[in-house]
Structures are given as C-alpha cells and as structure tokens.
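# Summary of the model geometry
Here's the letter readout for the chains.
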Amino acid sequence: MSVFTPVSAAQMAERLKNYSIGSLVELKGILAGIENTNYFLTTSHGRYVLTLFEKLQMHELPFYINLMAHLARHGIACPAPIADVRDEYLAELNDRPSCIVTCLKGEAVMAPEATHCAQIGEILAEMHIAGQTYDGRMPNQRGPEWWTATAPEVYPFMSADAVHVLRDEVRFQERHRFDKLPEGAIHADLFRDNVLFDGDKIGGVIDFYFACNDLLLYDVAITINDWCVMDDGDIDPVKARSMLTAYNAVRPFRVEEAANWGVMLRAAALRFWVSRLYDFHKPRPSELNKPKDPAHFERVLKKHIARDPSKLWL
C-alpha cells in the first residue's frame, strides 16, 4: 500500500516530545500492508515503526495493542508497543489513532522450506500458550456470521459453479459446532508476509490487527493454508507435517482437534476466499494496491473438499 495519511517531519518531531525514545532522525513510508499507514521511524535511540490506523477506531484498538504488549512480555518475538510519558500506547495523529512499536529485524520469506514451517509451528504454539493469560476479549470479526452475510454480496461476480461451491461450503460449516475445542487469543492472519526471518531464524511476527478470540486449531489451519500451499492450491504434506509436529511439541493437540482438522482447514480457506472476493470486487475507494486474486483460495478450498484430511495430519 502507498501511504494513505502523510506525516511531516515537523509533526513527528513534535510527537516524539511525548516519548523517551530520542529525537527524530528519519521518517520513511513503508509500501506494504493494506489496512494501515506505516512508517519506519528512526530516532537518536534506535529504529521503530509508526502506525496510523485507517479503519480501526481508537476504542477498538486496545485489544490488539495490549495483546502485542502481553506477548512481548512473555518472550514472543513481536512488535512491543512503546508507551508515552503518560503511559499510553495510543495517541491521535492527523485525525487517526496511532502507535509506535519496536522495529523487528528481518524480511518475509515468500518461498518457505519445511524448516521455516517448523519454526512457524513452534512460535504459533508459543503464542497460543502465552495468550491463555491475556484477559482481553475480541470476537472474530471475520467468522461464520460475517462470511454467511458477505457471501451473497459477491455471488453476482462469480460463475455459477463457484457460487454453488461457496454456497454449499457456507451450509456445510453451519452444520458444525466446536464446543469442545480449545480457544484463546489467536493471530488469525499469520501469512508469510506477516513473519520476518532474520537469516535462518524468526525475527518476529507482525500485524496483529485481525487478532481475536477463537479456536486455536482455526489459527493453525489459517497458517497451514498459506505457508504450506502449492501453486495449484494443494498442500505440501512435508511442510504441513513439519509445522504440525513442531506445534504439537509445544502445545500437544487434543483428540477432538484431530477429529475436526478437515472441517477447520475448509473453514480457514472459506474465510479468506470470501474476504478476497469481497476486496477484489468491492474494493474501498481509498485502496491503492490492487486486491489479491480470490481464485487462489477457491482452489485451496476445493482441494480440501476433495481430500482425506488425515493425509495432512500428524
């Protein structure tokens, strides 16, 4: 994304008077992401990231900001919010809520190997365990109620075959309940571009602004569906088992989770197919980057429907 909301050097220098992180050296826009305006912020004390929130309102943000602070305190490699002199993480800047967080080292790995996937499984399990003591609560804004309401809005843009698949999958998911599966704070968007690798090791997990309280297994399925996917939408079994094995070594899966794995993989694919369809066909006026092609997650979902899910389990 190009920067939505400009911030001048003079404005940033004035803002920094409320912090104890030094004086302004450089402010540089980050051309990545689709939801927020981000800048690399270099001060005389170090490097940080300034985020201005384009959609989320001030009252909606404490869950996400406090979750990052909670995880960072528990040793998870993620951006740590910086408090100002009033001990506040959030402040208004150019009519937008904003925050400053630590800047992590590394870059995204867009062609991961099984060794990368294993590290992702490990840190995801660690986040889930650390999140058990987080007392913030946020329902999943992109869960079953959302995709059920949103799917009819994109049917007019789809082929008859695709509409049939999508409508049937929404109905399929409505027949399943997961009362016995463990829940907690989840990332809900742990795609490859939301993890930085510093050499061969994880530098950190970023972009927690879809985080919510939901099923832990759902978070695993979302992550598998991106990190372990092949060009045709199928899942690489070696990468998938590497991730699941590493996760299981930290937080062992329950029998009930194994039994619901196939349904959860389909739910995760459904969620992102619907959101990609909506973003592609009904983009926001301020969207500067072309939305991603929704056909990818259509292929992923169809593969999951046709496959024996046990072939992608431990």
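Quantities reported herein were computed from a predicted structural model and do not represent experimental measurements. (Residues numbered from 1 in each chain as written. Predicted model: local features only at pLDDT ≥ 70, side-chain atom pairs only at ≥ 80, totals over all residues. Heavy atoms only, no water.)

## Thoughts on the overall build of the protein
Here is the rule we go by: Note on conventions: DSSP H or I runs of at least 4 residues are helices, E runs of at least 2 residues are strands, and numbering of each starts at the N terminus. Atoms counted for the radius of gyration: C-alpha only. Globule rule: 2.2 Å times residue count to the power 0.38. Note on classification: 1.4 Å probe, protein chains only; a residue is buried when its accessible area is under 20% of the maximum for its type, exposed when over 50%, partly exposed between these limits. Residue contacts follow a heavy-atom distance rule, with two residues in contact if any of their heavy atoms lie within 4.5 Å.
When its secondary structure is counted, the protein shows 10 helices and nine strands. In terms of overall size, the protein behaves like a compact globule, its C-alpha atoms giving a radius of gyration of 20 Å where 314 residues would be expected to give roughly 20 Å. Across the 314 residues in the protein, those meeting the buried criterion constitute 54%. Taking all contacts inside the protein whose residues are at least 6 apart in sequence as the whole, residues at least 24 apart take part in 73%.

## Considerations on the environment of Trp227
Assignment of secondary structure puts Trp227 in helix α6 (residues 216-227). With near-sequence residues (within four places) excluded, Trp227 lies in contact with Val109, Pro112, His116, Cys117, Ile120, Leu190, Phe191, Arg192, Val195, Phe197, Lys239 and Met243.

## Overview of the packing of helix α9 (residues 261-281) against helix α10 (residues 295-306)
Quick note on the threshold: Interaxial angles span 0 to 180 degrees and are taken between N-to-C directions of axes, which are lines fitted to C-alpha atoms, for helices over the stretch in contact. Oblique is the label for any angle not under 35 degrees, not over 145, and not in the 65 to 115 range, which are roughly parallel, roughly antiparallel and roughly perpendicular in turn. Each helix crossing is assigned a hand: it is left-handed if the near helix lies turned anticlockwise from the far helix by less than a right angle, otherwise right-handed if that turn is clockwise. In this classification, the charged set is Asp, Glu, Lys and Arg, the nonpolar set is Ala, Val, Leu, Ile, Met, Phe, Trp, Tyr, Cys and Pro, and all remaining amino acids, among them Gly, are polar.
At a closest axis distance of 8 Å, the pairing of α9 and α10 adopts a crossing angle of 160°. Considering their axes alone, α9 and α10 lie roughly antiparallel with respect to each other. As for how α9 packs across α10, the hand of that crossing is left-handed. Between α9, through Leu265, Arg266, Ala269, Phe272, Trp273 and Arg276, and α10, the contact on the second element is made entirely by Phe297, Glu298, Val300, Leu301, His304 and Ile305. Residue composition of the contact of α9 with α10, by class: eight nonpolar, one polar and three charged.

## Side note on the packing of aromatic side chains
Selection rule: A pair of aromatic rings is counted whenever rings of Phe, Tyr or Trp (Trp by its six-membered ring) have centres within 6.5 Å, and the orientation is called stacked for planes under 30 degrees apart, edge-to-face for over 60 and tilted otherwise. To sit over a ring, a charge needs its Lys NZ or Arg CZ within 6 Å of the ring centre and within 35 degrees of the ring normal.
Going through the model one piece at a time under the given rule, you end up with 11 aromatic pairs. Seen from their ring centres, Trp261 and Trp313 are 5.1 Å apart, and the 55° between their planes marks the pair as tilted. Remark: Trp313 occurs in the segment after α10 and Trp261 occurs in helix α9; sequence separation between them is 52 residues. Judged on exposure class, the residue Trp261 and its partner Trp313 are both buried. In this structure, Arg47 is placed above the aromatic ring of Phe40, and the distance from its NZ or CZ to the ring centre is 4.0 Å. Sitting over the ring of Phe172, Arg266 keeps its end group 3.6 Å from the ring centre.

## Focus on the pairing of strand β7 (residues 195-198)
Heads up, the rule is: Two strands form a pair only when DSSP identifies at least two bridges running between them.
Bridge count for β7 against strand β8 (residues 201-205) is four bridges, and the pairing is antiparallel. In the strand pairing of β8, Val195 is matched with Val205. What sits between the antiparallel neighbours β7 and β8 is a turn of two residues, in which Gly199 has the positive phi angle 70°.

## Quick word on the environment of Tyr64
Among the structural elements, Tyr64 can be located in helix α2 (residues 62-73). With residues near it in sequence (within four places) discarded, Tyr64 still touches Leu56, Met138, Phe208, Tyr209, Phe210 and Ala211.

## As for the pattern of salt bridges
The cut-off we apply is this: Salt bridges are identified by distance alone: a Lys or Arg side-chain nitrogen within 4 Å of an Asp or Glu carboxyl oxygen.
Counting across every chain of the model gives 13 salt bridges. With a closest N to O distance of 2.7 Å, Glu169 and Arg266 form a salt bridge. Highlighted residues: Glu169 in helix α5 (residues 160-174) and Arg266 in helix α9, separated in sequence by 97 residues. Both residues of the pair, Glu169 and Arg266, count as buried. In this structure, Arg192 engages Asp226 in a salt bridge whose closest nitrogen and oxygen atoms are separated by 3.1 Å. Taken together, the positions of Arg192 in the loop between β6 (183-186) and β7 and Asp226 in helix α6 put the pair 34 residues apart, joining distant regions of the chain.

## Things to note about the state of the cysteines
Disulfide: a covalent bond formed between the sulfur atoms of two cysteine residues. Rule in force here: Disulfide assignment relies on a single distance test, namely cysteine sulfur atoms paired within 2.5 Å.
The full count for this structure, using the stated rule, is zero disulfides. Free cysteine Cys99: the closest other cysteine sulfur is in Cys78, separated by 12 Å. In this structure Cys228 is not part of a disulfide, and its nearest cysteine sulfur, from Cys117, lies 4.0 Å away.

## Here's the deal with α2
To keep things clear, this is the line we draw: Multiplying 1.5 Å by the residue count of a helix minus one yields the expected span of that helix.
Taking 1.5 Å per residue, 12 residues should reach 16 Å; α2 reaches 16 Å between its end C-alpha atoms and fits that length. Elements that come into contact with the buried residues of α2 comprise β3 (46-53), β5 (96-102), α3 (114-131), β6 and β9 (212-215). Phi turns positive one or two residues past the end of α2, at Gly75, with a value near 90°.

## Points about α9
Helix length check: α9, at 21 residues, gives a terminal C-alpha distance of 30 Å against a target of 30 Å (1.5 Å per residue), a fit within 8%. In terms of burial, α9 is a largely internal element, 17 of the 21 residues being buried.

## Comments concerning the side chain of His128
Its location among the elements puts His128 in helix α3. Here His128 is in contact with Ala185, Ile186, Leu216, Asp219, Val220 and Tyr247, once residues within four sequence places are set aside.

## Observations regarding the side chain of Asp219
As a reminder, the rule being used: In this charge count, Lys and Arg are treated as positive and Asp and Glu as negative; neither His nor the chain ends contribute.
Position of Asp219 relative to the elements: it lies in helix α6. The side chain of Asp219 is buried and forms no salt bridge, while Arg271, the nearest opposite charge, is found at 9.1 Å. Excluding anything up to four places from it in sequence, Asp219 contacts Leu124, His128, Ile186, His187, Ala188 and Asp189.

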